[in-house]
Amino acid sequence: MNRVTTDKVYAATDFSTVSARGVWHRPNDTGTETSASGVCDVLDKLQRAGVNLVFLETFYHGMAAFRSNYVPYNSGLAAFSYGEYEDYLSCFVAEAEKRGIEVHAWVEDFYVGVNENYFTRTFPDWIMLTDTGGVRQNEGKDYGGYIFLDPTNKDVTDYLTKFYDELLTKHPKVAGLNLDYIRYPVTDRNTDAGHTKSAISAFCSQHGISGQFDSASFANYVSENGLYSAWVDFRANAVTEFVAGVFDMVKTSHRDKLLSTAIFPETQESYDKKKQDFRKWIDCGYLDIVTPMAYYDDNSTLKSELTKMLASCDSCYCYVGLSSTYHGLTGSKVLSQVDVCSQSGVDGFVFFGSKSVLEGKNGQDYVTLLNGKFGAVSADLPHSAKISFYDKFVAPLADYLVSHGEAANDVATLTEQ
């Protein structure tokens, strides 16, 4: 199967014409999206800020922002009515389209919350275990420990893939999936994770290891036999296989949809501590867009990290995650970070998160600030500009060549990409 190519047609050197100006948005994070009119008010503000892309949180804490057959509808959103719309997601996507804002579903793949929920009650064997057999990970200690699903369990990965297929089928105007928590908990040798029956069995089979292990005895065996690096590789490969499976589903059943992921810019640390081999995902062509979380307050550090990231992003778009509004930086500093992104040659930016943009922080009015720089939505999204270029120029040329019997093989290759 051929990948929908994302070779860059336009260089986003001027964020006023072709660029992604995005936000990650958590439903009703401001407490005002309790009705359709409340959703519209939020979207009006985002439009005024020049936002043309929203990664809308659609799977979080083990709940969905729409009515699904796989995942319970978010209990907070279920208390509200969105008028003519069936659920929150339907309302948000339809109203965003009216304002020229593209919506992608932001999904927290393996993270399912901090409290007991549908997954812990219904599928206890799917929950990731620590090296001492606990279900609560060292990451998120302030919340009692995060709860993760096990990426090595095929029942887990099949279930999530079917859930995402349902999402894109029921909501065809959602433009793609933004994969987050597409990783293991942040761990090291001293606080390791992933020691489930499924993972232990598969690893032992792969390495010809016999014997019966629980979480603790397996952790000891790995350590005492010099297998820790192999154990890291095994888990990283499990995450990569899931990304490949989601990619195949999207490009087979929803060819017009885009796949993106939130990643950490530090390559080796991401691999070692999170089992996230995002370089391989890019090299294999699994991603249309990467959104590296470049959450640095210092502009020189931001520029340095972007330079490193861009070296590996020739085959996909790079929309950089910024936290300058979340950290409450001054207006001038926020704009300077946007300028650093533009000067670095990335294709756009995404603020984490929308609440800080909408409400401001430390007395900053970011909506007015961004409106002063960009005005209302006017820029073309780089990936949409590519599609527009294809429709306007490449497709007519291909049709002409075919009708005249010229370069048939080349045309066939071009049109199937």
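Residues numbered from 1 in each chain as written. Predicted model: local features only at pLDDT ≥ 70, side-chain atom pairs only at ≥ 80, totals over all residues. Heavy atoms only, no water.

A. Region of interest: the pattern of salt bridges. Tallying each qualifying case throughout the model produces 14 salt bridges. A salt bridge links Glu305 to Lys308; its shortest N-O distance comes to 3.4 Å. Placement of the pair is Glu305 and Lys308 together in helix α10 (residues 299–310), with a separation of three residues, close to one helical turn. Overall, the relative accessible area of 48% leaves Lys308 in the partly exposed class. For the salt bridge of Lys373 with Asp339, the shortest nitrogen-to-oxygen distance reads 3.2 Å. Here the residue Lys373 occupies a position in helix α13 (residues 366–374), and Asp339 occupies one in helix α11 (residues 331–344), the gap between them amounting to 34 residues. A residue is classified by how much of its surface remains accessible, and Lys373, at 36% relative accessible area, is partly exposed. (Salt bridge = Lys/Arg side-chain N within 4 Å of Asp/Glu carboxyl O. Helix = DSSP H or I, 4+ residues; strand = E, 2+ residues; numbered from the N terminus. Buried < 20%, exposed > 50% of the residue type's maximum accessible area, 1.4 Å probe, protein only.)

B. Molecular detail of unusual backbone geometry. Going from Phe352 to Gly353, the amide bond is cis rather than trans, its omega being -10°. Here Gly353 lies in the loop between β11 (348–351) and α12 (354–359). Despite not being glycine, Tyr181 has its phi angle at roughly 50°, a positive value. Its location among the elements puts Tyr181 in the loop between β7 (176–180) and α5 (197–207). Tyr181 gets classed as buried once you look at its relative accessible area, which sits at 16%. Although it is not a glycine, Asn362 sits at a positive phi angle of roughly 55°. Along the chain, the position of Asn362 falls in the loop between α12 and α13.

C. Structural view of the pairing of strand β9 (residues 289–292). Of the two faces of β9, the one lined by Ile289 and Thr291 and the one lined by Val290 and Pro292 are each fully buried. Both strand β8 (residues 258–263) and β9 contribute to a ladder of four bridges, which runs parallel. For Ala262, the partnering residue across the bridge sits in β9 and is Thr291. Here β9 pairs with strand β10 (residues 317–322) via two bridges, running parallel. For Val290, the partnering residue across the bridge sits in β10 and is Cys318. (Pairing = 2+ DSSP bridges.)

D. Just the layout of surface pockets, in detail. As a volume, the largest pocket reaches approximately 900 Å³. Around the largest pocket, the lining comprises 33 residues; the ones closest to its centre are Arg26, Tyr181, Tyr295, Tyr326 and Phe352. Going through the elements one at a time, β4 (102–108) and α12 are the ones with two or more residues in the lining of the largest pocket. Of the residues that constitute the lining of the largest pocket, the class distribution is 17 nonpolar, five polar and 11 charged. (1 Å grid on protein atoms, 1.4 Å probe; cavity = no way out; pocket = protein on both sides within 12 Å on 5 of 7 lines; lining within 4 Å. Points joined across faces, edges and corners; volume = space filled by probe spheres on them. Nonpolar A, V, L, I, M, F, W, Y, C, P; charged D, E, K, R; others polar.)

E. Highlighting the side chain of Glu139. Summarising the element assignment, Glu139 is placed in the loop between α3 (118–122) and β6 (147–148). Sequence-distant contacts of Glu139, that is, excluding residues within four places in its chain, are made with Gly145, Tyr146, Phe148, Tyr181, Arg183, Pro185 and Val186. (Contact = heavy atoms within 4.5 Å.)

F. Spatial organisation of the pairing of β11. Burial along β11 is two-sided: Gly348 and Val350 and Phe349 and Phe351, pointing in opposite directions, are all buried. Note: β10 against β11, four bridges, orientation parallel. By the bridge assignment for β11, Gly321 is matched with Val350. As for the winding sense of the linkage, the β-α-β connection from β10 through α11 to β11 is right-handed. (Right-handed = clockwise from strand over helix to strand, strands pointing away.)

G. Region of the structure containing the nonpolar core. Within the largest apolar cluster, 98 residues are counted, with the highest numbers of intra-cluster contacts made by Tyr164 and Leu177. Broken down by element, this core gets its largest block of residues, eight residues, from helix α7 (residues 228–253). Each residue touching Tyr164, except ones within four places of it in the same chain, is listed here: Phe59, Val107, Asp109, Leu177, Leu179, Phe242, Val246 and Met249. Listed in part, the 14 residues of the second largest apolar core include Phe218, Leu227, Trp231 and Phe234. (Core = buried A, V, L, I, M, F, W, Y, C linked by side-chain atoms within 4.5 Å.)

H. Main features of the environment of Glu86. Mapped onto the fold, Glu86 is located in the loop between β3 (63–64) and α2 (88–98). Put simply, Glu86 and Phe66 are 20 residues apart on the chain and 8.1 Å apart in space, counted from C-alpha to C-alpha.

I. Representation of α10 in the model. When the terminal C-alpha atoms of α10 are compared, their 16 Å separation across 12 residues agrees well with the 16 Å that a helix rising 1.5 Å per residue should span. Every buried residue of α10 is listed here: Leu302, Glu305, Leu306, Met309 and Leu310. Taken down its axis, α10 places every buried residue within 135° of arc, on the same side. (Expected span 1.5 Å × (residues − 1). Arc of directions from axis to C-beta.)

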